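# Structure assessment
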Amino acid sequence: MSTAKTPVAILLSGRGSNATALITAAQDPDFPARICLVLSNNPDAPGLDMARAAGLPTLAIDHRSFGKDRAAHERAIHAALEDSGAQAVCLAGYMRLLTPYLTTAWAGRMLNIHPSLLPSFPGLHTHERALAAGVRLHGCTVHLVTEGMDEGPILGQAAVPVLPGDTPDLLAARVLQQEHGLYPLALRHFLTQNPATAPNGAALVVA
Ligand SMILES: Nc1nc2c(c(=O)[nH]1)N[C@@H](CN(C=O)c1ccc(C(=O)N[C@@H](CCC(=O)O)C(=O)O)cc1)CN2
Ligand SMILES: NCC(=O)N[C@@H]1O[C@H](COP(=O)([O-])[O-])[C@@H](O)[C@H]1O
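So, how was this worked out
In this convention, every chain numbers its residues from 1, walking through the sequence in written order. Chain letters and ligand numbers both follow the written order, the letters beginning at A and the numbers at 1. Side-chain atom pairs in this predicted model are given and counted only at pLDDT of 80 or more, local residue features only at pLDDT of at least 70, and totals for whole chains, interfaces and linings cover all residues. With hydrogens and water excluded, all non-hydrogen atoms of the structure serve as input to the side-chain values. UniProt positions are given in the numbering used here, feature names are shortened, and annotations may be inferred rather than shown by experiment. Counting from the N terminus, the helices are the DSSP runs of H or I reaching at least four residues and the strands are the DSSP runs of E reaching at least two. A 1.4 Å probe rolled over the protein chains alone gives each residue an accessible area, and that area as a share of the maximum for its type sets the label: buried under 20%, exposed over 50%, partly exposed in between. Only heavy atoms matter for contacts: two residues are in contact if any of them lie within 4.5 Å across the pair. As used in this structure description, the phrase polar contact means that two N or O atoms lie within 3.5 Å; if the pair is within protein, one of them must be able to donate a hydrogen and the other to accept it, and residues adjacent in sequence are counted only when both atoms belong to side chains. Only Phe, Tyr and Trp rings take part, Trp by its six-membered ring, and two of them pair if their centres are within 6.5 Å. Stacked means planes under 30 degrees apart, edge-to-face means over 60, and tilted covers everything else. Criterion for a charge above a ring: Lys NZ or Arg CZ within 6 Å of the ring centre, and within 35 degrees of the ring normal. A molecule or strand has a residue near it when one of that residue's heavy atoms lies within 4 Å. Note on areas: Shrake-Rupley, 1.4 Å probe, and residue coverage restricted to the protein chains presented here. Throughout, the ten residues Ala, Val, Leu, Ile, Met, Phe, Trp, Tyr, Cys and Pro are labelled nonpolar, Asp, Glu, Lys and Arg are labelled charged, and all others, Gly among them, are labelled polar. When DSSP finds at least two bridges between two strands, those strands are taken to pair. For helices, the fitted line uses only the C-alpha atoms of the stretch in contact; every axis is such a line through C-alpha atoms, and the angle between N-to-C directions lies from 0 to 180 degrees. Each nonpolar core is a collection of buried residues, namely Ala, Val, Leu, Ile, Met, Phe, Trp, Tyr and Cys, held together in the definition by side-chain atoms within 4.5 Å. Domain delimitation in this document rests on an assignment produced automatically or drawn from a domain database.

The sites that carry the UniProt feature "active site" (unreviewed entry) are, in the present numbering, H114. Within the element layout of this structure, H114 appears in strand 5 (residues 110-114). A relative accessible area of 3% means that H114 is categorised as buried. H114 has contacts with F121, P122, G123, T126, G139, C140, T141, H143 and D150, leaving out every residue within four places of it along the chain. Within the structure, the side chain of H114 is placed 2.8 Å from the backbone oxygen of F121, a separation counted as a polar contact.

So, in structure tokens, the structure goes:
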């Protein structure tokens, strides 16, 4: 018997390799999610082309069309998420800081993948900073999104060694490989261990 599937929307800004990992995982009848929308703030994001080719609904809502009005941009995103029937959201290389408008509306049901072992190296340029700090272990984190940047509760992590001669690009590639395994795993666990996201549309009770 195939598993009930929670409708999940993906937000991305660029390449979309984490989105591809989630979309591929969701094609498994036993995976507890179906991708109901792929949305980007960047109309030229390669990740949008990938999602279209996968036959998924896509949408571009360009933040530049809203000037400095982040709230207006987020109201448009929220309306699109509601229209898609999404019950949860995965940020996958979404490069805009969200305001309390979206983080509150989706509290407890918006996930993000970050390329470091949080709480180390929140924000940008994580691989350069890890090398500069001389850490021996690095990695990636899936966490719930809160108002604070990369501060939300951690749902899963994967670690990689930092090797002699590593460059930011070499380290990023080693971490990215782990990201593609971690994100589907963390989403599956989140949806199956968290009855609050039951796919039957029941009111979401966020503990
Ligand atoms: N309120 C939150 N918003 C976001 C979170 C979060 O945890 N809380 N996670 C991020 C993802 N992210 C790191 O994982 C991140 C994304 C973007 C930025 C940033 O400084 N963006 C700049 C613009 C940069 C650009 O357009 O290239 C900005 O928004 O002004 C930092 C961290 C997603 N959002
Ligand atoms: N701060 C957020 C952030 O840095 N996210 C990172 O951007 C990359 C997106 O790649 P992708 O578009 O191929 O999934 C990934 O490495 C992801 O962890």
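From this point, the narrative continues.
Below, the discussion takes up the packing of aromatic side chains. Tallied over the full model, the rule gives 0 aromatic pairs. The lysine or arginine in question, R109, covers the ring of W106, its NZ or CZ lying 4.0 Å from the ring centre.

For ligand 2, the full set of nearby residues is R15, G16, S17, N18, G93, M95, I113, H114, P115, L176 and E179. Here R15 contributes a side-chain N or O atom positioned 2.5 Å from an oxygen atom of ligand 2. Residue G16 places a main-chain N or O atom 2.8 Å away from an oxygen atom belonging to ligand 2. Here ligand 2 loses 86% of its free accessible area of 450 Å² to cover by the protein chains. Looking at the shell around ligand 2, the elements with two or more residues in it are helix 1 (17-26), strand 5 and helix 6 (168-193). Each residue belonging to the shell around ligand 2 can be placed in one class, and the counts come to 4 nonpolar, 5 polar and 2 charged.

Sheet architecture is open: 7 strands sit in the order 3-2-1-4-5-6-7, paired in mixed fashion. If you trace the sheet from one side to the other, it starts and ends with strand 3 (58-60) and strand 7 (154-161), each paired once. Looking at each pair of strands side by side, their axes are set apart by 20° on average, direction ignored. By the bridge criterion, 3 bridges tie strand 2 (residues 33-40) to strand 3 in an arrangement that is parallel. Bridging across to strand 3, V38 finds its partner in T58. Strands strand 1 (6-12), strand 2, strand 4 (88-91) and strand 5 of the sheet are contacted by helix 1, whose axis makes an angle of about 155° with strand 2.

A separate point is the side chain of S116. Relative to the elements of secondary structure, S116 occurs in the loop between strand 5 and helix 5 (126-133). At 2.6 Å, the side chain of S116 and the backbone oxygen of S120 are in polar contact. Within polar-contact distance, the side chain of S116 engages the backbone oxygen of F121 at 3.2 Å.

Our next topic: the environment of T3. Mapped onto the fold, T3 is located in the segment before strand 1. As for T3 and D30, which are separated by 27 residues in sequence, their C-alpha atoms are 5.1 Å apart. Excluding residues within four positions of it along the chain, T3 makes contact with P29, D30 and P32.

Looking now at helix 1. Counted residue by residue, helix 1 has 8 buried out of 10 residues, so it is predominantly covered. Turning to helix 1, its buried residues number three or more, namely S17, N18, A19, A21, L22, I23, A25 and A26. Buried residues belonging to helix 1 abut strand 1, strand 2, helix 2 (46-53), strand 4, strand 5 and helix 6.

Time to look at the UniProt feature "binding site: N(1)-(5-phospho-beta-D-ribosyl)glycinamide" (unreviewed entry) in the chain. Residues annotated by UniProt as "binding site: N(1)-(5-phospho-beta-D-ribosyl)glycinamide" (unreviewed entry) correspond here to G16, S17 and N18. Along the polypeptide, G16 turns up in the loop between strand 1 and helix 1. On the accessibility criterion, G16 (8% relative accessible area) is buried. Leaving out residues up to four positions away in the same chain, G16 has contacts with G47 and M50.

What follows concerns the nonpolar core. Counting residues in hydrophobic clusters, the biggest one holds 37 residues, and the most contacted among them are I10, I35, V38, C90, L111, Y183 and L187. If you tally residues by element for this core, the top one is helix 6, at 8 residues. Of the residues that make up this core, three or more belong to each of domain 1 (1-106) and domain 2 (112-206). If we ignore the near neighbours within four places in the chain, the residues touching I35 are V8, I10, L22, I23, A26 and L56. Residues A9, I77, A80 and L81 belong to the second largest nonpolar core, which totals 18 residues.

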